[in-house]
Amino acid sequence: MPRRIAFLQHSATDVPGVLGACATGLGLEVAAHRADHGPDGLPHPGSFDLLAVMGSIESVTDESVDWIAPERDLVASAVDAGVAVLGVCFGGQLLAQILGGTVVRASRAEIGWRQLETADPDRVPAGPWLDWHEDAFTCPPAAVALASTQVSLHAFAQGPHLGLQFHPEVTLDVVDGWIGDARERAGLDDEDIAALRRGFDDRGRGPDLLTRSMFRGWLDRSAAHSDA
């Protein structure tokens, strides 16, 4: 029976992208859920073997966003049950909180492509990866810091769990959707938008090979953890 992975989205544009394609290609049973629809949008805790939490324009620290609390409860339950969690940007920040780390406003927003300082390039390659965030997380007390920039920690691992600040899931279509949503809010000008698009080839692909390698590594470690 294939392992089941649930992706938690927070809008129509916060899609699994390359991660979803990797999961399908590796034979996982894939389901996507709209966590921003509240409890009715969340999967049943027993319906997945792996959990991936995607990005959001919202901040995990914003208590006025009413769908975050039930999602946090679901992810915390998954962690308690030993279900491997992959957190991406907002998802990484939520995972950091659950594991005892903190989330604060970053010293400056990071929007664009960059190389990371990585302590374990086999587990989290240096990139280039796409950043799009205004908050930053600290490393949870029992976790291992894996990669960073001068602004923020960008990756940590604890047991089968992996938290990321960057976006390994992106394609050009995904980023164009974000640009359409956030051009005015994020203060993006034509030069910024051109720089974001330059990270993709003429078929709209970004760091797909790096994403696949990192995703497979997370799957392998989650399987080893469940067999231990």
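These numbers come from a predicted model, not from an experiment.

### Structural notes on helix α2 (residues 68–80)
With 13 residues, α2 extends 18 Å between its outermost C-alpha atoms, agreeing within 8% with the 18 Å of an ideal straight helix rising 1.5 Å per residue. All buried positions along α2 are accounted for by Ile-68, Glu-71, Leu-74, Val-75, Ala-78 and Val-79. Here the buried residues of α2 occupy an arc of 140° about the axis, which is enough to place them on one side. In α2, those exposed residues whose orientation departs by more than 90 degrees from the buried face are Asp-73 and Asp-80. Where the residues of α2 are buried, they touch β1 (4–9), β3 (50–53), β4 (84–88), α3 (90–98) and β10 (161–164). With its phi angle positive at about 80°, Gly-82 sits one or two positions after the end of α2.

### Describing the side chain of Asp-131
Structurally, Asp-131 can be placed in strand β7 (residues 129–137). A distance of 2.6 Å separates the side chain of Asp-131 from the side chain of Arg-114, its partner in a polar contact. Sequence-distant contacts of Asp-131, that is, excluding residues within four places in its chain, are made with Glu-110, Ile-111, Gly-112, Arg-114, Thr-149, His-154, Gln-165 and Phe-166.

### Topic: empty space enclosed by the protein
Scanning the entire structure with this criterion turns up 2 cavities of 30 Å³ or more. Approximately 60 Å³ is the volume found for the largest cavity. In terms of lining, the largest cavity is formed by Arg-123, Gly-159, Pro-160, His-161, Leu-162, Met-214, Gly-217, Trp-218 and Arg-221. At the level of secondary structure, the elements contributing two or more residues to the lining of the largest cavity comprise β10 and α6 (208–227). No other element matches α6, which puts 4 residues into the lining of the largest cavity. Of the residues that constitute the lining of the largest cavity, the class distribution is 4 nonpolar, 3 polar and 2 charged. Empty space within the second largest cavity amounts to approximately 30 Å³. In this structure, the second largest cavity is lined by Leu-19, Leu-86, Leu-162, Leu-164, Thr-211, Met-214, Phe-215 and Trp-218. Broken down by secondary-structure element, the contributors of at least two residues to the lining of the second largest cavity are β10 and α6. For the lining of the second largest cavity, the element with the most residues is α6, which contributes 4 residues. In the lining of the second largest cavity, the residues fall into 7 nonpolar, 1 polar and no charged.

Reading the values: rules and limits
- Residues numbered from 1 in each chain as written.
- Predicted model: local features only at pLDDT ≥ 70, side-chain atom pairs only at ≥ 80, totals over all residues.
- Heavy atoms only, no water.
- Helix = DSSP H or I, 4+ residues; strand = E, 2+ residues; numbered from the N terminus.
- Expected span 1.5 Å × (residues − 1).
- Buried < 20%, exposed > 50% of the residue type's maximum accessible area, 1.4 Å probe, protein only.
- Arc of directions from axis to C-beta.
- Contact = heavy atoms within 4.5 Å.
- Polar contact = N/O pair within 3.5 Å; in protein donor to acceptor, adjacent residues only side chain to side chain.
- 1 Å grid on protein atoms, 1.4 Å probe; cavity = no way out; pocket = protein on both sides within 12 Å on 5 of 7 lines; lining within 4 Å.
- Points joined across faces, edges and corners; volume = space filled by probe spheres on them.
- Nonpolar A, V, L, I, M, F, W, Y, C, P; charged D, E, K, R; others polar.

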